[in-house]
Amino acid sequence: MTQPSVPQWRKDALQAAAGIAGNEAVAAALRDIEAEHELRIAQQTELSQIPSPPFGETARGEHFAEMLRKEGASDVTIDPTGNVIGRLRGTGEGPVLVIAAHLDTVFPAGTDCTVRREGSMLYGPGISDDACGLAALLQICRTAVRHGLKTVGDIVLVGTVGEEGNGDLRGSKALWAAPNDYDGFIAIDSAAVTRILKGSVGCKRFRITFTGPGGHSLHKFGISGSAIHVLCRAGAKIDQVEVPAEPKCTFNIGVIKGGTSVNAIAASASMELDIRSMDNDGLELITSRILPLIDEAVCEENAHWHLEGENAVKAEIVQIGDRPAGVNRDDSPVVHAAYGAMQALGIPLEKFAFAATDQNVPLALGVPATTLGGGGTEFFNHSVKEHWDSAGAFRGPQLALLTALTLTGVEGLSEPLLEKRDHS
Ligand SMILES: [Zn+2]
């Protein structure tokens, strides 16, 4: 993906973050985060060892809610979708910032989630993505409460369900669909603290199932339509689709299935199609070019073999994924506060990028939103070989806390950078 150009950094954000970082109580809190590095690793390990497969996040969610309560968050609840939501109350006058990490993993039920440690390295599926973010949330909560950091705005801490794959951001979607007072959003997802997201990659996914009567490959040849033949015809058409150079748009037939035997005409075949763009118009454009090709392929196949009635082939299209694209304004307070906090902490900005995370939902609604790393270094995410180097990982919660303080403001010290939205 092409990298977006870096904006003119806001002076007010740089000054606010530097001023807050220099405050005595905040500086002590930031030191405390480093001092409690081992506790953070212990909590991350504890959460990572509770299996949390797609659509099976309840056990980890309940445990995380309990941990969040113990760390001093108020009003900790689990919403009907399974999101865990707690709050750090400010003065009640300011904007409300959500910081979220996801509870789910990509690993199916039955995966061994035991975490093994060797020095600074921790091995275990999901240890980085996103037990790392969940542990960072707990540490932010504990530190803010213990040091009595009084923000102007509220900080809402959320463990979301359904961020990965077919979860299709259902936790984040439910969070933003419910009545709320949220004005900004930060996801803590995976490790690297040197990356800020400027915007979201959107995607639409479809499963297209072709069906026909099936039959003997010799006796029914030319009489019964083949689900696989029509699928191939459709695939060849999709392969010819032109995409614009800007915005970047992609398509991929990632999975095909079908047929039962080499000497049987296939009665069923399916393909899974992924369409991506950093722009919602781009998504619509490619979708509008591809989907009509399915019907075209079916008509051509039936016409070519003179197939009618029960001998004809058919297609059914089911949408299995929908993540909207979105981009921050150039002056987005969330992006600028994150950069200001990085500068104050001496963290270099190495990547200013687009990706798909829980931020897709608020960004598409026009809410300033970004994604930060939880600290450390990750390896082989989304694989059972996943491991995470905890060296320097305290940088993650430090960055997220300072960014949050810059956005919500600190009483008697700085005004919130985040603006209140119209919630009426
Ligand atoms: Zn993740």
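Rules behind the numbers
- Residues numbered from 1 in each chain as written.
- Predicted model: local features only at pLDDT ≥ 70, side-chain atom pairs only at ≥ 80, totals over all residues.
- Helix = DSSP H or I, 4+ residues; strand = E, 2+ residues; numbered from the N terminus.
- Rg over C-alpha atoms; globule rule 2.2 N^0.38 Å.
- Buried ≥ 20, exposed ≤ 12 C-beta atoms within 10 Å, placed from the backbone.
- Contact = placed C-beta atoms within 7 Å.
- Expected span 1.5 Å × (residues − 1).
- Arc of directions from axis to C-beta.
- Domains from an automatic or database assignment.
- Nonpolar A, V, L, I, M, F, W, Y, C, P; charged D, E, K, R; others polar.
- Core = buried A, V, L, I, M, F, W, Y, C linked by C-beta atoms within 7 Å.
- Pairing = 2+ DSSP bridges.
- Axes fitted to C-alpha atoms, helices over the stretch in contact; angles between N-to-C directions.
- Parallel < 35°, antiparallel > 145°, perpendicular 65-115°, else oblique.
- Left-handed = near helix turned anticlockwise from the far one by under 90°.

1. Considering the overall build of the chain
- From N to C terminus, the chain includes 11 helices and 19 strands.
- For the chain, the C-alpha radius of gyration of 25 Å lies close to 22 Å, the compact-globule estimate for 424 residues.
- Each of the three principal axes of the chain carries a C-alpha extent, and together these read 85 × 45 × 40 Å.
- Taken over 424 residues, the chain has a buried fraction of 48%.
- Contacts in the chain between residues at least 24 apart in sequence constitute 80% of all its contacts with a sequence separation of at least 6.

2. Focus on helix α3 (residues 37–48)
- Between its first and last C-alpha, α3 extends 16 Å over 12 residues, near the 16 Å set by a 1.5 Å rise per residue.
- Residues Arg40, Ile41, Gln43, Gln44, Leu47 and Ser48 constitute the buried set of α3. Buried residues along α3 cover an arc of 165 degrees about the axis, so they all sit on one side. Of the exposed residues in α3, those oriented more than 90 degrees away from the buried face are Glu38 and Ala42.
- Those residues of α3 hidden inside the fold are in contact with α4 (58–70), α5 (131–146) and α11 (395–408).

3. Focus: the domain arrangement of the chain
- Looking at the assigned domains, one finds that the chain contains domain 1 (11–201 + 325–408) and domain 2 (202–321).
- At the junction of the two partners, domain 1 supplies nine residues and domain 2 supplies 10 residues.
- Broken down by class, the residue content of the side of domain 1 that touches domain 2 amounts to four nonpolar, four polar and one charged.

4. Topic: helix α9 (residues 333–345)
- The terminal C-alpha atoms of α9, which comprises 13 residues, lie 18 Å apart, in line with the 18 Å expected from a rise of 1.5 Å per residue.
- With 11 of 13 residues buried, α9 is to be regarded as a mostly interior element.
- Next to the buried residues of α9 lie α1 (11–22), β7 (184–188), β8 (195–200), β17 (369–372) and α11.
- Directly after α9, the chain includes glycine 346, whose backbone phi takes a positive value near 75 degrees.

5. Considering the environment of histidine 147
- As for its position among the elements, histidine 147 is in the loop between α5 and β6 (154–160).
- The class of histidine 147 is partly exposed, set by 17 C-beta atoms lying within 10 Å.
- Linking histidine 147 and aspartate 32, residues 115 residues apart in sequence, is a C-alpha distance of 9.3 Å.
- Dropping the residues within four chain positions of it, histidine 147 is found in contact with Ala25, Ala28, Ala29 and Asp32.

6. Looking at the nonpolar core
- Among the nonpolar cores identified, the biggest contains 106 residues, and Leu97, Ile99, Leu137, Leu157 and Ala400 are the most heavily contacted of them.
- In terms of residue count, α5 provides more of this core than any other element does, 10 residues in total.
- Each of domain 1 (11–201 + 325–408) and domain 2 (202–321) contributes no fewer than three residues to this core.
- When neighbours within four sequence positions are excluded, alanine 400 is seen to be in contact with Ile99, Ala136, Ile140, Ile186, Ile188 and Leu372.

7. Here's the deal with the sheet that holds strand β15 (residues 326–327)
- A sheet is described by the order of its strands in space; here three strands give the open sequence β15-β8-β16, paired in mixed fashion. Of all the strands in the sheet, just β15 and β16 (351–355) have a single pairing partner and so form its edges.
- Two strands pair when backbone bridges link them, and β8 and β16 are joined in this way by five bridges, in the parallel orientation. Along β16, the bridge assignment pairs arginine 195 with lysine 351.

8. Let's talk about the sheet that holds strand β11 (residues 249–258)
- Spatially, the four strands line up as an open sheet ordered β11-β13-β9-β14, and their pairing is antiparallel. Every other strand in the sheet has two partners, leaving β11 and β14 (314–323) as the edge strands with one partner each. Strand-to-strand twist across the sheet, computed as the mean angle between neighbouring axes with direction ignored, equals 15 degrees.
- Here β11 runs beside strand β13 (residues 268–277); their pairing, made up of nine bridges, is antiparallel.

9. A closer look at the packing of helix α2 (residues 24–35) against α11
- It is at 9 Å that the axes of α2 and α11 come closest, and there the two elements cross at 155 degrees. Considering their axes alone, α2 and α11 lie roughly antiparallel with respect to each other. Crossing angle aside, the handedness with which α2 passes α11 is right-handed. Listed contacts from α11 to Val26, Ala29, Leu30 and Ile33 of α2 are Pro397, Gln398, Leu401 and Leu405.

10. Overview of the packing of α1 against α9
- It is at 8 Å that the axes of α1 and α9 come closest, and there the two elements cross at 50 degrees. In this view, α1 runs oblique relative to α9, as classed from their interaxial angle. Here α1 runs over α9; the crossing is right-handed. Note on element contacts: α9 touches α1 through His336, Ala337, Tyr339, Gly340, Ala341, Gln343, Ala344 and Leu345, opposite Ala13, Leu14, Ala16, Ala17, Ala18 and Ala21.
- Here the contact of α1 with α9 is built from residues that sort into 11 nonpolar, three polar and no charged.

11. Notes on the pairing of β7
- For β7, the tally of buried residues reaches five of five residues, placing the bulk of the element in the interior.
- Residues Gly184, Ile186 and Ile188 point to one face of β7 and Phe185 and Ala187 to the other, with burial holding for every one of them.
- Two strands pair when backbone bridges link them, and strand β3 (residues 96–102) and β7 are joined in this way by four bridges, in the parallel orientation. Bridge pairing links isoleucine 99 to isoleucine 186 in β7.
- As defined by bridge partners, β7 adjoins β17 across four bridges and the pair is classed as parallel. Residue pairing across strands places isoleucine 188 opposite leucine 372, the latter belonging to β17.

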